[in-house]
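Architecture at a glance
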Number of protein chains: 2
Amino acid sequence: MKVNGQPCRTIRLHADGWSVEIIDQRQLPHQFAVLRLETVEEAAEAIRNMSVRGAPLIGAAAAYGLCLGLRQDPSDKALRLNAETLLKTRPTAVNLRWAMNEMSKTLLPLAPEQRTAAAYRRAAEICEADVETNRQIGEHGLKLIEKMALKKKSKPLHILTHCNAGWLACVDWGTALSPVYLAHDAGIPIHVWVDETRPRNQGASLTAWELKNHGVPHTLIADNAGGHLMQHGMVDLCIVGADRVTAQGDVCNKIGTYLKALAAHDNGVPFYAAFPASTIDWKIADGIKEIPIEQRDPREVTHLRGLTPDNTLIEVAVAPEGTAAANYGFDVTPARLISGLITEASIAPASADGLRGLFPQS
Amino acid sequence: MKVNGQPCRTIRLHADGWSVEIIDQRQLPHQFAVLRLETVEEAAEAIRNMSVRGAPLIGAAAAYGLCLGLRQDPSDKALRLNAETLLKTRPTAVNLRWAMNEMSKTLLPLAPEQRTAAAYRRAAEICEADVETNRQIGEHGLKLIEKMALKKKSKPLHILTHCNAGWLACVDWGTALSPVYLAHDAGIPIHVWVDETRPRNQGASLTAWELKNHGVPHTLIADNAGGHLMQHGMVDLCIVGADRVTAQGDVCNKIGTYLKALAAHDNGVPFYAAFPASTIDWKIADGIKEIPIEQRDPREVTHLRGLTPDNTLIEVAVAPEGTAAANYGFDVTPARLISGLITEASIAPASADGLRGLFPQS
């Protein structure tokens, strides 16, 4: 999507044709800085330190990381070692494992001198496939928005989203925000309520930044505000992303998603989750019982990063010194609260039959 | 309640017997600073700049402010003018208006030379009445906690609270936290989940500080986390305060309260609001339709105060420059989601009959 009026992706090759450019997302929203990666170690570090984040983008960055490694040493041994190093940067990321498997499957059968060129081709394919999947998610979501926008006459359709399921988490488009961008680009008047999404504030730092740069009208709110807005008819539609979806349509997503789904249900506001089929875990059904929820550093709750008046990024304490904090990263929204699941195949009801109908081969 | 092991109130007379000591709550939780007020102007400024906050405490501080004014000029004219000045500091605060009326009613009939002593007596009565009301709220809530704690055997009872309805908002005890302090002091094992309560973070900066100083076990969480905790049986009871309660038992309280009530209802967790009878607005019934919700400065959402590593309190930006934000201060939790209302008279069902039964004369 656009940054400073220019089309932009989260990852691309530099003009030299081999080094890799990424956005240093740790500097957002205060600074737009592009990092150039020249070695596999630099790629691993960018994933580890969260310069790149978001499941699809991590996979793409690791694929290009392998390309950089092959330029220095295309042997079997180096390939395996580098894949191992990259995997360890975020051990629970499903897309990362998938991308490493894809690359190894393509490259190991080839002669070492053919590998580097083949790796760059495969990494580019992985990126393009992600862009296309998300564009399709957007097209299906767009139909939903078009239908709802008709009822609003020419007044803007108010869409609430939680966390960042935008293009910064992917290569382009995003998942929850893909329909938003397509609708905006199609001239449909929309306005987005952006949950700030404590404790890491991805709504404020990433979603608001994305929407601002692409010119989509939006308003930042505290995570506490959505219920009040829905009670007063100020939200027409909720769209969120998903980190893991069960076979019965339970959605595991950033902590706080469940609370918004409850409010949407209580006020008759349609609530959708948007994600690619790769997010579905067909082996589990009951998300609340079966999905272990990662606990993160309590310091994310007791401290906060922000920009000082003299433009320095610093961390400040917001709680008494020594306060114990709990920091659960995700929660599970049961399927019964979800109006529908937006995927690259189509929109399905949030149920076992609904998902199975979309993906009969899975 | 206790600070550094010593009993403390939010407001009291200095050892000189006439000047007024308050806690500068703007410095919390990072610094415990006591301010000494010597003039009515200083009292007005302390209310205006939120050194003191919380409806009961504002009323008490204004009452003492009037005492300070009378010391300089006990005339009718000065009394009226000072009451006017104090009223204007927080024009929507119901307790402030009530306190000014009480003081004027007591003082205007007296000869000027009798007024100062009478004013100090009446201000002390207002403070003592607040302490006693909140202690009674605590006693009723304590019975509830005792009953629930029995079922936990010797495991701690987990209580979730939102915002700060503690002693810092009152003269002592607090409303929602009064039962918590009484239970803790009675040796009942309890643990409090403290919602940080964005955007002003009163949970992190005030509730966590109160509980820490009084020695009550607690854990700070993002506002987003409560739903997940309740889904997993980690919350036994929710108690919140109230800013305004309608005759049918709808509760207007800090923004985000409604979301927690929804989660409690969805998971069968008892949800109580605790407040004095003075909080009830008998003239309105439907809180969602009839209570106008104050919008506060958007900067509270886009910026945040915290302590730097070198112990300076500063404000940092957490959103892109120029981001529009909406900042609704309160929301309304409909009575149907509330298990009961804890008042100084007793605990009532959240309904018109329930409240009328407690306060038949109102």
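Rules of the game
- The residue numbering used here restarts from 1 in each chain and proceeds along that chain's sequence as written.
- Each chain is given a letter, starting from A, and each ligand a number, starting from 1, according to the order in which they appear as written.
- Local features are withheld for residues below a pLDDT of 70 in this predicted model, meaning they are given only at 70 or higher, and side-chain atom pairs are given and counted only at 80 or more; totals for whole chains, interfaces and linings count all residues.
- Computation of side-chain values covers all heavy atoms of the structure but excludes hydrogens and water.
- The copies were overlaid by least squares, fitting only the C-alpha atoms of residues that reach a pLDDT of 70 or more in each copy.
- Pairs of residues are marked as contacts when any of their non-hydrogen atoms sit within 4.5 Å.
- Runs of H or I in DSSP of at least four residues are treated as helices and runs of E of at least two as strands, each being numbered from the N terminus.
- By the criterion applied in these results, polar contacts are pairs of N or O atoms within 3.5 Å in which, for protein atoms, one can donate a hydrogen and the other can accept it, and in which residues neighboring in sequence qualify only through two side-chain atoms.
- The cut-offs for exposure are 20% and 50% of the maximum accessible area for each residue type, with area from a 1.4 Å probe on protein chains only; residues under the lower value are buried, those over the upper are exposed, and the others partly exposed.
- A cavity here means a set of points on a 1 Å grid, drawn over the protein atoms and nothing else, where a 1.4 Å probe fits but cannot get out; a pocket is an open set with protein on both sides within 12 Å along at least five of seven lines, and a residue lines either one if it has an atom within 4 Å of a point.
- Grid points are joined across faces, edges and corners, and a volume is the space filled by probe spheres set on the points.
- Three classes are used: nonpolar for Ala, Val, Leu, Ile, Met, Phe, Trp, Tyr, Cys and Pro, charged for Asp, Glu, Lys and Arg, and polar for all others, with Gly counted as polar.
- Orientation is described by lines fitted to C-alpha atoms, with helices fitted over the stretch in contact, and by angles between N-to-C directions that extend from 0 to 180 degrees.
- Left-handed describes a crossing in which the near helix is turned anticlockwise from the far one by less than a right angle; the clockwise case is right-handed.
- At least two bridges found by DSSP between two strands is the condition for calling them paired.
- Computed with a 1.4 Å rolling probe, the buried area is the accessible surface lost when two parts are put together, summed over both parts.
- The salt bridge definition used is simple: a Lys or Arg side-chain nitrogen within 4 Å of an Asp or Glu carboxyl oxygen.

To continue, consider the relation of the copies chain B and chain A. Superposition record for chain B on chain A: RMSD 0.0 Å, screw rotation 180°, translation along axis 0.0 Å. What we have between these two chains is a two-fold relation. Interface residue correspondence from chain B to chain A reaches 100%, placing this contact among same-surface, isologous pairings.

The subject of this paragraph is the side chain of Asn 224 of chain A. Considering the arrangement of structural elements, one finds Asn 224 of chain A in the loop between strand 8 (218-221) and helix 8 (226-231). Of note is the side chain of Asn 224 of chain A, whose polar atom sits 2.9 Å from the backbone oxygen of Arg 198 of chain B. With residues up to four places along the chain from it excluded, the contact list for Asn 224 of chain A reads His 162, Thr 197, Arg 198, Asp 223, Ile 255, Gly 256, Leu 259 and Asp 331 of chain B.

All names here are of chain B. Mapping Glu 132 onto the fold places it in helix 5 (residues 112-151). For Glu 132, a relative accessible area of 32% corresponds to the partly exposed category. C-alpha separation for the pair Glu 132 and Lys 260, spaced 128 residues apart in sequence, amounts to 29 Å.

Attention now moves to the environment of Gly 166 of chain A. Residues and elements named next belong to chain A. With respect to the helices and strands, Gly 166 occurs in the loop between strand 6 (157-161) and helix 6 (178-185). Put simply, Gly 166 and His 184 are 18 residues apart on the chain and 14 Å apart in space, counted from C-alpha to C-alpha. Apart from the residues lying within four places of it in its own chain, the contact partners of Gly 166 are Trp 173, Gly 174, Leu 177 and Glu 210.

Moving on: empty space enclosed by the protein. With the rule as written, the count across this model stands at one cavity of 30 Å³ or more. Approximately 30 Å³ is the volume attributed to the largest cavity. In this structure, the largest cavity is lined by Ala 222 and Ala 225 of chain A together with Pro 199, Ile 255, Ala 326, Asn 327 and Tyr 328 of chain B. Broken down by class, the residue content of the lining of the largest cavity amounts to six nonpolar, one polar and no charged.

Relative orientation and spacing of two packed helices are given, respectively, by the angle between their axes and the distance between those axes. Residues and elements named next belong to chain A. At their nearest, the axes of helix 2 (residues 55-72) and helix 3 (residues 76-89) sit 10 Å apart, and the two run at 145° to each other. The way helix 2 lies across helix 3 gives a crossing that is right-handed. From helix 2, Ala 62, Gly 65, Leu 66, Gly 69 and Leu 70 reach across to helix 3, where they touch Leu 79, Asn 82, Ala 83 and Leu 86. Taken together, the residues that form the contact of helix 2 with helix 3 break down as six nonpolar, three polar and no charged.

Here we come to the sheet that holds strand 17 (residues 340-342) of chain A. The strands making up a sheet associate through backbone hydrogen bonding, with each pair oriented either parallel or antiparallel. All names here are of chain A. One open sheet accounts for seven strands, arranged 8-7-6-9-12-17-18; its pairing is mixed. Two strands in the sheet have a free side with no partner beyond their single neighbour: strand 8 and strand 18 (347-348). Summarising the sheet, strand 9 (residues 237-240) and strand 12 (residues 271-274) pair through three bridges and their orientation is parallel. Note on strand 12: the bridge partner recorded for Ile 239 is Tyr 272.

So, about the interface of chain B and chain A. Listed by partner, the interface residues are 65 residues for chain B and 65 residues for chain A. Note on chain B versus chain A: buried area summed over both sides is about 4,800 Å², and carbon and sulfur give 62% of it. A per-residue breakdown of the area chain B buries against chain A is headed by Asn 224, Gln 231 and Leu 259 of chain B, which together make up 15% of the total. Here Arg 198 of chain B ties to Glu 196 of chain A by a salt bridge, and the two come within 2.6 Å at their closest N and O atoms. Those elements giving two or more residues to the side of chain B that touches chain A turn out to be helix 7 (202-214), strand 8 (218-221), helix 8 (226-231), helix 9 (257-266), helix 11 (299-302), strand 14 (303-307), strand 15 (313-317) and strand 16 (330-333) of chain B. Ranked by residue count, the leading element in the side of chain B that touches chain A is helix 9 of chain B, at six residues. Of the residues contributing to the side of chain B that touches chain A, the split by class is 36 nonpolar, 18 polar and 11 charged.

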